[in-house]
Amino acid sequence: MQVELRDPNTIMKLSRLGSFHQSKLSFLRSFLNEFKDWEYKQDLFNLDENGYGEAVYSFKKDRRVYSLVCFANHIKDEERSDRVIATKWDAAFTLHDGVPSKKDIERLKNEVPKQEVGRLSYKELTLSRANKSVRLFNHVTESLSQGLQPDLNLLSKVGYLYRTTAVYGSGKFGLADRFRIKNREEINGPFRLEMMLVYLVRQFTFDQVNHVAYHKNPKKAVKLDEQISKNLGIGNSTGLGMAPFIVNHPTLLNNWILSREIALKKIREIQNVNKMDSELFIDCVKKSLTNITSWNTDSEYQKNKINNLLKDVQKFLKFIENDFDFTREYPFNSIYKWLEKETCEECIEYIVSIMMEPYSEITEPLVKEMSSDEEKFFNIPTHRTVEDLRNIIEKKYPNILEINFEKKENNQNFWFISKNKEEPRLADRFEEHGSELEQPLAIARDIKKLYEILMVSKNSQTVSDFLIKNSNLRHVIRRVFIVEKFPYSEIQDNTIGKNIMPIDMLRLKLSFFGALKFDPRSDKWLRICMFQGAPLPHELKNYDEQWVYKTSI
């Protein structure tokens, strides 16, 4: 049986993309799989009794070494902020290419805590900073210093000791440009080095809290229980800075979504599913209920999504246990059709992710296809014609063409770059100044504008001639020729409409990172947790691949 790939005009709607969840294709999970046979080491741990100082952790294989250099700093409570305008953080980190010398550490000590204001070198690959969850960090420190393990109920409400507020790479602030490292086999997958940094930062937070607790009370202090450590991750506060990425990297976005869609297609085409695989799938769905029921948020919008998800997953489990026979042919295809008919978008995409769990032989080859050499597809084929352009738009953007951008609500917002922090922002063009500085992120509006001009242009006119008079539309002409080859490269929605939920764009990207427990603090920023439940570094050589569904707090 041949199953068609799902229609991009359905899947690439923001409400659908904002319902994606982590899976075996997610970068933090594929990172752990690819680095499980590397040698982990704590190379330096030079903290004072209050936990301030520097530390170095490394992964090594053959002659290749990556080193996380950490700087823990004292800051006042009023200086601690997750906002991008912050200038001080509890800790700052960089991933160094190789083994840092004493001279490197001294240099980095002066630059890394400054973050954007500092200057890194080609020896550094990624840069980050993080703040403590002060209440939780202090509780854990106090408990351990008294010989007690911390309160699991309190831990479950947060899920991490620190949260990062930014992770930078690829040439920013003096960091190494991607061309220097892109051919290294071990980091071929997207965001490998960023995942490594976050994973090693997580271990630093455990070592720091144990260290502070010990110096608080050397005679009574105990270490944080390893099982509790495993069930803590690293938090992250993410705002609109992440949103334009998925618009500005169309072929990369396509490769992420296409890998997921191919995985689903292949799983639906499995004629006979063996008992071990069906039981693993059902077990993961059941155990994942813990993740849903421990998913804390103050957002009414997210609470509603969580409640609908929980209700539909329970409905799905009832269906599987009472009304479904896995011995039938093409069982996952039947399951998928049932999901589309009976459950919400959030549940459909949730179960689609879990369908991949038994099938490493399907997902692992796809992981290797999730990067993109974007420069290859940058040039516009100027020999093509106006007729070609129009035909592609009619075929690939049918829903976009139906939007009336003369209506105020469809043209309500504009994207711009803030002057102070050079970060993307979203504003109401009818209430705020600055729309003349609008960034080219209103792709749907510009596609419609292009189409309307094409309708009154000569069919045989070449794109090169068309561009002479319409150079302001070059960016969308390029995208039209990209979407012709890459069907999942374009968000099939209006990114400047009144009803846009920017967090859908954030959730899409974060799901591919492997994030859990999305906690929106508004429609423009949210907190998440990464590596919660993941194996500790010394466990990497032999760990349970389904760890993500087995967190206990």
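Scroll up to find the structure.
Following the criterion strictly, the structure yields 39 salt bridges and no others. Across the pair K275 and E279 runs a salt bridge, and its minimum N-O distance is 3.9 Å. Linking K275 with E279, this pair stays in helix 11 (residues 275-293), spanning four residues, or about one helical turn. Linked through salt bridges whose partners overlap, the residues forming this network are R6, R16, R260, E261, E340, E345 and E349.

By size, the foremost hydrophobic cluster in this structure holds 156 residues, and its most contacted members are I257, F281, F316, I335 and M355. Ranked by the residues each element gives to this core, the list is headed by helix 7 (residues 192-216), at twelve residues. Leaving out residues up to four positions away in the same chain, M355 has contacts with L264, I267, F281, F332, I335, Y336 and L339. Core analysis: the next-biggest nonpolar cluster, separate from the first, contains 13 residues, V112, L127, A166 and F173 among them.

What follows covers the sheet that holds strand 1 (residues 39-47). Strand pairs in the sheet, formed through backbone hydrogen bonds, run parallel or antiparallel to each other. In space, the nine strands of this open sheet follow the order 1-2-3-4-5-6-7-11-10, with mixed pairing throughout. What marks the edges here is a single partner per strand, and that holds for strand 1 and strand 10 (516-520). Strand-to-strand, the axes of this sheet are offset by a mean angle of 25°, without reference to chain direction. Here strand 5 (residues 124-132) pairs with strand 6 (residues 160-169) via seven bridges, running antiparallel.

Most of strand 2 (residues 53-61) is tucked away, with seven of its nine residues classed as buried. Note that strand 1 and strand 2 share eight bridges and pair antiparallel. Residue pairing across strands places N46 opposite E54, the latter belonging to strand 2. A loop of five residues connects strand 1 with strand 2, the two strands running antiparallel in sequence, and G51 in this loop sits at a positive phi of about 90°.

A few words now on the state of the cysteines. This structure, assessed with the given rule, holds zero disulfides. Summary of cysteine pairing: C70 is not part of a disulfide, and the nearest cysteine sulfur, belonging to C529, is at 18 Å. The class for C70 is buried, based on a relative accessible area of 0%. Between C344, a cysteine without a disulfide, and C347, which holds the nearest cysteine sulfur, the sulfur-to-sulfur distance is 5.5 Å. Residue C344 is classed as partly exposed on the basis of its relative accessible area, which comes to 23%.

Rules behind the numbers
- Residues numbered from 1 in each chain as written.
- Predicted model: local features only at pLDDT ≥ 70, side-chain atom pairs only at ≥ 80, totals over all residues.
- Heavy atoms only, no water.
- Salt bridge = Lys/Arg side-chain N within 4 Å of Asp/Glu carboxyl O.
- Helix = DSSP H or I, 4+ residues; strand = E, 2+ residues; numbered from the N terminus.
- Core = buried A, V, L, I, M, F, W, Y, C linked by side-chain atoms within 4.5 Å.
- Buried < 20%, exposed > 50% of the residue type's maximum accessible area, 1.4 Å probe, protein only.
- Contact = heavy atoms within 4.5 Å.
- Pairing = 2+ DSSP bridges.
- Axes fitted to C-alpha atoms, helices over the stretch in contact; angles between N-to-C directions.
- Disulfide = S-S within 2.5 Å.

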